[in-house]
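# Architecture at a glance
The lines below spell out each chain.
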Amino acid sequence: MKIYQTKCSELAGTNFHEVSQKAFGFYNQIRRKTKRRPYIRSAYFKKDKIFLPLFWSHLQEKLNHKDKTRRLKYFPCAIELIKNSRFDPESKENVDRHSEILHRFAGKTNGGQLFFVQIKEDKRTGEKWLISVFPVVK
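Below or above, wherever it landed, is the structure these notes cover.

Reading the values: rules and limits
Residues numbered from 1 in each chain as written. Predicted model: local features only at pLDDT ≥ 70, side-chain atom pairs only at ≥ 80, totals over all residues. Heavy atoms only, no water. Pairing = 2+ DSSP bridges. Helix = DSSP H or I, 4+ residues; strand = E, 2+ residues; numbered from the N terminus. Salt bridge = Lys/Arg side-chain N within 4 Å of Asp/Glu carboxyl O. Buried < 20%, exposed > 50% of the residue type's maximum accessible area, 1.4 Å probe, protein only. Patch = residues over 30% accessible without salt bridge, like charges linked within 9 Å, V, L, I, M, F, W, Y side chains within 5 Å. Areas by Shrake-Rupley, 256 points an atom, 1.4 Å probe, with all protein chains shown as cover. Lys, Arg positive; Asp, Glu negative; His and termini not counted. Charge placed at Lys NZ, Arg CZ, Asp CG, Glu CD. Expected span 1.5 Å × (residues − 1). Contact = heavy atoms within 4.5 Å. Arc of directions from axis to C-beta. Phe/Tyr/Trp six-rings, centres within 6.5 Å; stacked < 30°, edge-to-face > 60°. Lys NZ or Arg CZ within 6 Å of the ring centre and 35° of its normal. Axes fitted to C-alpha atoms, helices over the stretch in contact; angles between N-to-C directions. Parallel < 35°, antiparallel > 145°, perpendicular 65-115°, else oblique. Nonpolar A, V, L, I, M, F, W, Y, C, P; charged D, E, K, R; others polar.

Quick look at the pairing of strand 4 (residues 90–93) now. Moving residue by residue along a regular strand, the side chains alternate between the two faces of the sheet. Here strand 4 runs beside strand 5 (residues 100–108); their pairing, made up of four bridges, is antiparallel. By the bridge assignment for strand 5, Ser-91 is matched with His-103. Taking the residues between adjacent antiparallel strands as the criterion, strand 4 and strand 5 are bridged by six residues.

What follows is the structure, encoded as structure tokens:
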């Protein structure tokens, strides 16, 4: 799998409150552009929409603030990767639901940190949703 090199770096901050304010501000810029569900267009999926609200609900399910902070730091990098990457992701059928395909893209921040972005695709409707962003644990 090829790794997409982003131009942005991860968000700075030491606690969840600092990082979430910056990440949610970045999300609000995207959210203001539409009246309905916030989305970005993906270069890999031929400019299809990737919807973002599922990422935030998935993040709220996490109980550990350290884990939430770790994931949120890479949100701007994930948005850039989705918008610009044309590299093939690792794609496989969801084990729990056979009507979904999970796509995993790899990216590298400006600072050299490796991270993954997961996108869920519904086979029936063709809708794509950003599920998760997480760094590679060394």
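Two side chains carrying opposite charge are able to pair once their charged atoms lie near each other. Under the definition given, this model contains eight salt bridges. Lys-123 is the salt-bridge partner of Glu-93, the closest N and O atoms lying 2.6 Å from each other. Highlighted residues: Glu-93 in strand 4 and Lys-123 in the loop between strand 6 (114–122) and strand 7 (128–135), separated in sequence by 30 residues. Taking relative accessible area as the criterion, Glu-93 reaches 39% and is therefore assigned partly exposed. With relative accessibility at 41%, the residue Lys-123 sits in the partly exposed group.

Another aspect to go through is a positive patch on the surface. Residues Lys-35, Arg-36, Arg-41, Lys-47, Lys-49 and Arg-86 make up a contiguous surface patch of positive charge. One can find Arg-86 in the loop between helix 4 (75–84) and strand 4.

A turn of α-helix holds 3.6 residues, and therefore any two residues three or four places apart point the same way. Over its 16 residues, helix 1 (residues 16–31) extends 21 Å from the first C-alpha to the last, a length consistent with the 22 Å expected when each residue adds 1.5 Å. Of the surrounding elements, those touching the buried residues of helix 1 are strand 2 (39–42), helix 2 (53–61), helix 3 (65–72) and helix 4.

Every buried residue of helix 2 is accounted for by Phe-55, Trp-56 and Leu-59. With its buried residues spanning 95° around the axis, helix 2 presents them on a single face. Along helix 2, exposed side chains directed more than 90 degrees from the buried face belong to Gln-60 and Glu-61. The inward-facing, buried residues of helix 2 contact helix 1, helix 3, helix 4 and strand 7.

What follows covers the packing of aromatic side chains. For the coordinates displayed, the defined rule picks out 15 aromatic pairs. For the ring pair Phe-45 and Phe-105, a centre distance of 6.1 Å and an interplane angle of 85° mean the geometry is edge-to-face. Of the two residues, Phe-45 sits in the loop between strand 2 and strand 3 (48–51) while Phe-105 sits in strand 5, which places them 60 residues apart along the sequence. The exposure class of Phe-45 is buried, given its relative accessible area of 9%. An aromatic cluster is built from Phe-24, Phe-26, Tyr-27, Phe-55, Trp-56 and Phe-75, whose rings are joined through pairwise contacts. Over the ring of Phe-51 we find Arg-37; its NZ or CZ atom is 4.0 Å from the centre of that ring. Here the guanidinium or amino end of Arg-104 rests over the ring plane of Phe-116, the centre of that ring lying 5.4 Å away.

What follows is about the packing of helix 2 against helix 3. Contact geometry for helix 2 and helix 3: axes closest at 9 Å, N-to-C directions at 155°. On the basis of the axis angle, helix 2 is roughly antiparallel to helix 3. Residues Phe-55, Trp-56, His-58, Leu-59 and Gln-60 of helix 2 lie in contact with helix 3, whose contacting residues are Lys-68, Arg-71 and Leu-72. Within the contact of helix 2 with helix 3, the residues separate by chemical class into four nonpolar, two polar and two charged.

Remember that the coordinates give geometry; whether it matters functionally is a separate question.
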